[in-house]
Amino acid sequence: MTAGGFQRRICVLTIAAVAMVLGSGRDAGAQVGTGIDLDREGRIYFTDTYHNCIWRLNSNGTVMLVVSGVHLDYLIVSEDGYVYLIKDGIWKISPQGAMIEVLNSKQFPEGSRPLCIDRQANIYFINSDDHSKHVAEISKRTPVGKVIVIVGSDRERQDGQGGETPPLSHVNSAICAPDGSLYLRDDQTIRRVAPDGTISTLAHSEDAAMAEDGEERLVRTMGMAVDAAGNVYVANYWKRAVMKVTPDGLVSAMATAAWPWVPVGVAISGNNIYALERMGNPYGLSTALEVSTLADRLGSPRIRKISPDGTITTLVMVKGNRRLAVIIVPLILAAAVISVWLMRRRRARRV
């Protein structure tokens, strides 16, 4: 084997070993948690898909493990204090920490998948498989089991701006607003579904929701939140920023995150914005290869608060398994040393 071939094999084996160690304990093909919400007492609940659990940040700054052994993306705190989850079905966690199944996947409307849950425990579903419909069907299931179709059912809804409704294409994130409307991230734009089913597209929302060309821009989830004034906040992992879209289409960055941090979820309480962040691009090769992924195991995710005056405060950073560094860091350094040595040796032979 040539020096070049040996060098390449060393690099491949090192990358594979690092990816294997970093990937242990999590589903590499699963979603990245965007779930973050606050209860009436101001306690923050947030998902942690790297450690397969849900945490609660108490008002005194302590972090408590709410439930472990769950890998999910979405959560919301209802008015009754229960934390609702979407995980192979609909679940809720009682204030005492007990997990209770609300709805199993066999009870979902036929061909539908859950989108989100509001604070009154209404569950919203979307059925976009039937291409004969003018628009995808969106329904709401009440806590007593009544199903109400909001969009679809062979009804044509007009766009709020006066034109015919563009069909929903790739809805992958949704949030319930205080006024009862739904906000959807549909491909590269944000759409609003009013309580009467009217669909409108937020002006310039593509500036806040844009990811990148290719597969990422179509299917990847971004966390969103809506305040009482109708301002939409998007945790855009690709732009490493929490973006704000006003009802009249003004787009601005409320906060940016320096590498390797990226925002993946956002919540609102009062006049404060809370961003759930993790390290590394959650949807690229960096998940396995960037040094940030190692750091992710050492300390991630984190919560940052954005105050009305623009002040940004880090509230908590979850500590990971620091013992992994004992294994991974020497492995990376050894591969780097071998790579440099082989390169110099090849150059010396050429001379």
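Higher on the page you've got the structure.
Here the residue numbering is sequential within each chain, running from 1 through the sequence in written order. Local features are withheld for residues below a pLDDT of 70 in this predicted model, meaning they are given only at 70 or higher, and side-chain atom pairs are given and counted only at 80 or more; totals for whole chains, interfaces and linings count all residues. As a rule here, side-chain values come from all non-hydrogen atoms in the structure, and water together with hydrogens is ignored.

Q: Before we go on, may I ask you to explain the sheet that holds strand E7 (residues 89-93) in this structure?
A: The strands making up a sheet associate through hydrogen bonds between their backbones, and the pairing can be parallel or antiparallel. Read across the sheet, four strands follow the order E5-E6-E7-E8 without closing on themselves; strand pairing throughout is antiparallel. One side of each edge strand has no neighbouring strand; the edge strands of this open sheet are strand E5 (74-77) and strand E8 (99-104). Taking the axes of each pair of neighbouring strands and ignoring which way they run, one obtains an average angle of 25° across the sheet. Here, strands pair whenever DSSP counts at least two bridges between them. Helix numbers and strand numbers start at the N terminus; a helix is a DSSP run of H or I with at least 4 residues, a strand a run of E with at least 2. Pairing of strand E6 (residues 83-86) with E7, which is carried by four bridges, proceeds in the antiparallel orientation. The residue bridging Leu85 from the neighbouring strand is Trp91, located in E7. Lines are fitted to the C-alpha atoms to define the axes, a helix being fitted only along its stretch in contact, and any angle between axes, read from their N-to-C directions, falls within 0 to 180 degrees.

Q: Mind showing me how you'd approach a positive patch on the surface here?
A: Surface patches are drawn from residues lacking salt bridges whose relative accessible area is over 30%; two like charges belong together within 9 Å, two nonpolar side chains (Val, Leu, Ile, Met, Phe, Trp, Tyr) within 5 Å. Every accessible area reported is derived by Shrake-Rupley at a probe size of 1.4 Å, with residue values counting cover from the shown protein chains alone. The salt bridge criterion pairs a side-chain nitrogen of Lys or Arg with a carboxyl oxygen of Asp or Glu, the two atoms within 4 Å. Counted as positive: Lys and Arg. Counted as negative: Asp and Glu. His and the chain ends are not counted at all. To locate a charge, the coordinates of NZ of Lys, CZ of Arg, CG of Asp or CD of Glu are taken. Taken together, Arg344, Arg346, Arg347 and Arg350 make up a surface patch of like positive charges. On the secondary structure map, Arg347 appears in helix H6 (residues 324-350).

Q: Could you clarify how one ought to interpret the sheet that holds strand E9 (residues 113-117) in this entry?
A: Spatially, four strands are ordered E9-E10-E11-E12 in an open sheet, and the strand pairing comes out antiparallel. At either margin of the open sheet sits one strand with a lone partner, and together these are E9 and strand E12 (147-151). Neighbour-to-neighbour, the strand axes of the sheet open up by a mean angle of 30°, direction not taken into account. Of the strand pairs in this sheet, strand E11 (residues 137-141) and E12 are connected by four bridges, and their pairing is antiparallel. Pairing of Ser139 across the sheet is with Val149, part of E12.

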